[in-house]
Amino acid sequence: MHQHIPPADSADVIVVGAGPAGSSTAFHLAQAGLDVLLLEKSQFPREKVCGDGLTPRAVKQLVGMGIPLSAEDGWFPNKGLRIIGGGVRLELDWPDLAAYPGYGLMRSRRGFDEALARAASKAGARLLEGVSVTGPVLDEATGRMTGVTARAGADGDGPPRTYQARVVVAADGNSSRLSVAMGLRKRDDRPLGVAVRTYYQTPRHDDDYLESWLDLWDGDRLLPGYGWIFGMGDGTSNVGLGLLNTSAAFGHTDYHALLRKWLKGMPTEWGYTEENRTQPIRGAALPMGFNRTPHYHQGLLLVGDAGGMVNPFNGEGIAYAMESGEILARTIVQALARSRRAETERVLAGYPHALSQAYGGYYALGRTFVKLIGKPTLMRIATKHSMGRPALMRFALKLLANLTDPRGDASDRLVNGLSRLAPNPE
Ligand SMILES: Cc1cc2nc3c(=O)[nH]c(=O)nc-3n(C[C@H](O)[C@H](O)[C@H](O)COP(=O)(O)OP(=O)(O)OC[C@H]3O[C@@H](n4cnc5c(N)ncnc54)[C@H](O)[C@@H]3O)c2cc1C
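So, here is what we can say about the structure in this document. (Residues numbered from 1 in each chain as written. Predicted model: local features only at pLDDT ≥ 70, side-chain atom pairs only at ≥ 80, totals over all residues. Heavy atoms only, no water.)

Judged by nonpolar contacts, the single largest core of 62 residues is most densely connected at Val13, Val15, Leu62 and Ile332. With eleven residues, helix H6 (residues 318-336) is the single largest residue contributor to this core. In contact with leucine 62, not counting residues within four places along its chain, are Leu54, Ile67, Leu69, Trp75, Leu105, Phe112, Leu116 and Met322. Of all hydrophobic cores here, the second largest spans 23 residues; its members include Leu81, Ala99, Phe230 and Leu397. (Core = buried A, V, L, I, M, F, W, Y, C linked by side-chain atoms within 4.5 Å. Buried < 20%, exposed > 50% of the residue type's maximum accessible area, 1.4 Å probe, protein only. Helix = DSSP H or I, 4+ residues; strand = E, 2+ residues; numbered from the N terminus. Contact = heavy atoms within 4.5 Å.)

Next up on the list: the packing of helix H1 (residues 20-31) against helix H3 (residues 109-122). Running from N to C, H1 and H3 cross one another at 20°; their axes reach a closest spacing of 8 Å. With respect to each other, H1 and H3 are oriented roughly parallel. Note that H1 runs across H3; the crossing there is left-handed. Each of Pro20, Ser23, Ser24, Ala26, Phe27 and Ala30 in H1 lies in contact with H3, whose residues at this interface are Arg109, Phe112, Asp113, Leu116, Ala117, Ala119 and Ala120. Here the contact of H1 with H3 is built from residues that sort into nine nonpolar, two polar and two charged. (Axes fitted to C-alpha atoms, helices over the stretch in contact; angles between N-to-C directions. Parallel < 35°, antiparallel > 145°, perpendicular 65-115°, else oblique. Left-handed = near helix turned anticlockwise from the far one by under 90°. Nonpolar A, V, L, I, M, F, W, Y, C, P; charged D, E, K, R; others polar.)

This paragraph deals with the packing of aromatic side chains. According to the stated counting rule, one finds 15 aromatic pairs in the structure shown. For the ring pair phenylalanine 290 and tyrosine 363, a centre distance of 5.0 Å and an interplane angle of 70° mean the geometry is edge-to-face. Taken together, the residues phenylalanine 290 in the loop between strand S18 (282-287) and strand S19 (296-297) and tyrosine 363 in helix H8 (residues 351-373) connect sequence positions 73 residues apart. Put simply, the rings of Phe290, Phe313, Tyr320, Tyr359, Tyr362, Tyr363 and Phe369 touch in pairs and so form one group of aromatic residues. (Phe/Tyr/Trp six-rings, centres within 6.5 Å; stacked < 30°, edge-to-face > 60°.)

Before going further, it helps to examine unusual backbone geometry. In this chain, phenylalanine 44 is followed by proline 45 through a cis amide linkage whose omega measures -5°. If you trace the backbone, proline 45 turns up in the loop between strand S2 (36-40) and strand S3 (53-54). Cis geometry marks the peptide bond from threonine 293 to proline 294, where omega comes out at -5°. Note that proline 294 resides in the loop between S18 and S19.

Time to look at the pattern of salt bridges. Overall, the coordinates contain 23 salt bridges when judged by the stated rule. Arginine 82 is paired through a salt bridge with aspartate 207; the nearest N and O atoms lie 2.8 Å apart. You can see arginine 82 sitting in strand S5 (residues 80-85) and its partner aspartate 207 sitting in the loop between strand S12 (192-201) and strand S13 (209-213), a full 125 residues away along the chain. Overall, the relative accessible area of 5% leaves arginine 82 in the buried class. Three or more residues joined by partner-sharing salt bridges are found here, namely Arg82, Glu91, Arg204, Asp207 and Glu211. (Salt bridge = Lys/Arg side-chain N within 4 Å of Asp/Glu carboxyl O.)

In this model, H1 (twelve residues) spans 16 Å end to end at C-alpha, consistent with the 16 Å of a helix rising 1.5 Å per residue. Buried within H1 are the following residues: Pro20, Ala21, Gly22, Ser23, Ser24, Thr25, Ala26, Phe27, His28, Leu29 and Ala30. Phi for glycine 33, located one or two positions after H1, is positive at around 95°. (Expected span 1.5 Å × (residues − 1).)

All right, on to the pairing of strand S16 (residues 225-231) then. Of all seven residues in S16, six are buried; the element is thus mostly enclosed. One ladder, built from three bridges, connects S13 with S16; its direction is antiparallel. Bridge pairing in S16 places tryptophan 213 opposite glycine 227. Both S16 and strand S17 (residues 236-244) contribute to a ladder of seven bridges, which runs antiparallel. Across the sheet, the residue bridging to isoleucine 229 is valine 239, located in S17. (Pairing = 2+ DSSP bridges.)

Contacts to the ligand come from 36 residues, most closely from Glu40, Arg46, Gly51, Gly53 and Asp305. Between a nitrogen atom of the ligand and a main-chain N or O atom of glycine 317, the distance comes to 3.0 Å. The protein chains hide 92% of the 1,000 Å² of surface that the ligand would expose on its own. Elements that contribute at least two residues to the shell around the ligand include exactly H1, S2, strand S9 (131-138), S16, S18 and H6. Tallying contributions element by element places S9 first for the shell around the ligand, with three residues. (Near = heavy atom within 4 Å. Polar contact = N/O pair within 3.5 Å; in protein donor to acceptor, adjacent residues only side chain to side chain. Areas by Shrake-Rupley, 256 points an atom, 1.4 Å probe, with all protein chains shown as cover.)

A word on the sheet that holds strand S7 (residues 104-106). Strand pairing in a sheet relies on backbone hydrogen bonds. The paired strands run either parallel or antiparallel. The antiparallel open sheet is built from three strands, whose spatial order is S3-S7-S4. Across the chains shown, the open sheet's two edge strands, defined by having one partner strand only, are S3 and strand S4 (76-78).

Spatially, the seven strands line up as an open sheet ordered S6-S5-S13-S16-S17-S12-S18, and their pairing is mixed. Each edge of the open sheet is held by one strand with a lone partner, namely strand S6 (88-93) and S18. Mean inter-strand twist for the sheet, computed between neighbouring axes without regard to direction, equals 20°. Across six bridges, the pairing between S5 and S6 is antiparallel. Bridging across to S6, glycine 80 finds its partner in aspartate 93. Contacting S12, S13, S16 and S17, helix H5 (residues 255-264) runs over the sheet at an angle of about 125° to S17.

Function cannot be inferred from these measures alone, as they are strictly geometric.
Below, the structure is given as structure tokens:
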């Protein structure tokens, strides 16, 4: 059947997906005066399967975007991390640094993602909700992406449209259909996590430490990953667990059953029981350590989960989605200001290098870390011998949460030095 396709809408930049990566990219681009179309398949507010935990890295990005962070605005602050494992319970405050604020936050992704998308729109980005991008539009001669095709509605069953732009950003999350359509698939040699989470009504809802449990057992096998209990401050806790693909158990684990089994061992007064569960248990993948590359290909730039930017050490993805959005926006602003096309290309081609400068060494270290903890015996030895040593654990927190000052104390310099030394192929 012949369908009428309305005339294409165009912009300097199209950003596909208004999660933290897309909204941050669009925000920084719009602030620099570029015309940005931010296309999001769902309508806000919408849910996203997540632990809802924000470390000081994420807070720094939020501060940089001028987002109000008070309790009245729905944010619940935390002081640090409580680690439980090997029979020890250790409370570690977020490190005291010049480079990052000393606190983290909790906020449900329902509210969080909408706040970011609205900030992007207030900065001048044109946010279109309920627009599903269905594929790339290519220049026939060069194969370069010049826009996207889309349909109205989250299921993509509405009328078709096309949008055109000088560059396109894939901020469409872990599956990134747009990247796949351009031949960019996930890399098998990079880590991947899987995590599940739900919410419970609980007296522990106002816990101001993020709690992580290292002892996740599959029979007599200690699993590489952790369980978390994060107080939302609204009567509920976000409770979940995540595992890495470096263990033999990966792919054979019943995550729902593992979560239930783990929670069965908790004191009943905490309330993590079926009657108090307020949401279904839902899961999703965590693409880590640059598990989709290259980050620039034929007019398409990858940001956040689309580019596999979750931290392999701790499964944190929001801060990296937002930071990579800022790095990308800076690159695009410079690229589009060049008058010759070849120069624009040259600047865009610098984006993978800028990412590599920011995270390459640290992620390479993370890839080694996940291989090591994939071995149950090593994982057991590490937990047993480090938990009783608070100084070592303070160092571990800096390493695992990537929180150091460039010229900080000895432990900062050790983390920075290790990241610099790690072999770092782009
Ligand atoms: C169970 C779990 C717990 C986690 N816990 C934490 C945590 O506590 N802290 C943390 O920092 N990170 C956590 N993460 C990781 C974090 O959720 C991700 O790293 C983060 O959401 C990445 O942001 P993003 O913007 O790249 O992608 P997303 O948040 O996935 O956003 C992608 C957006 O693109 C839209 N989209 C997709 N396809 C299309 C299309 N075709 N057209 C238009 N729009 C489209 C989607 O609707 C969505 O809005 C967790 C992940 C999981 C699975």
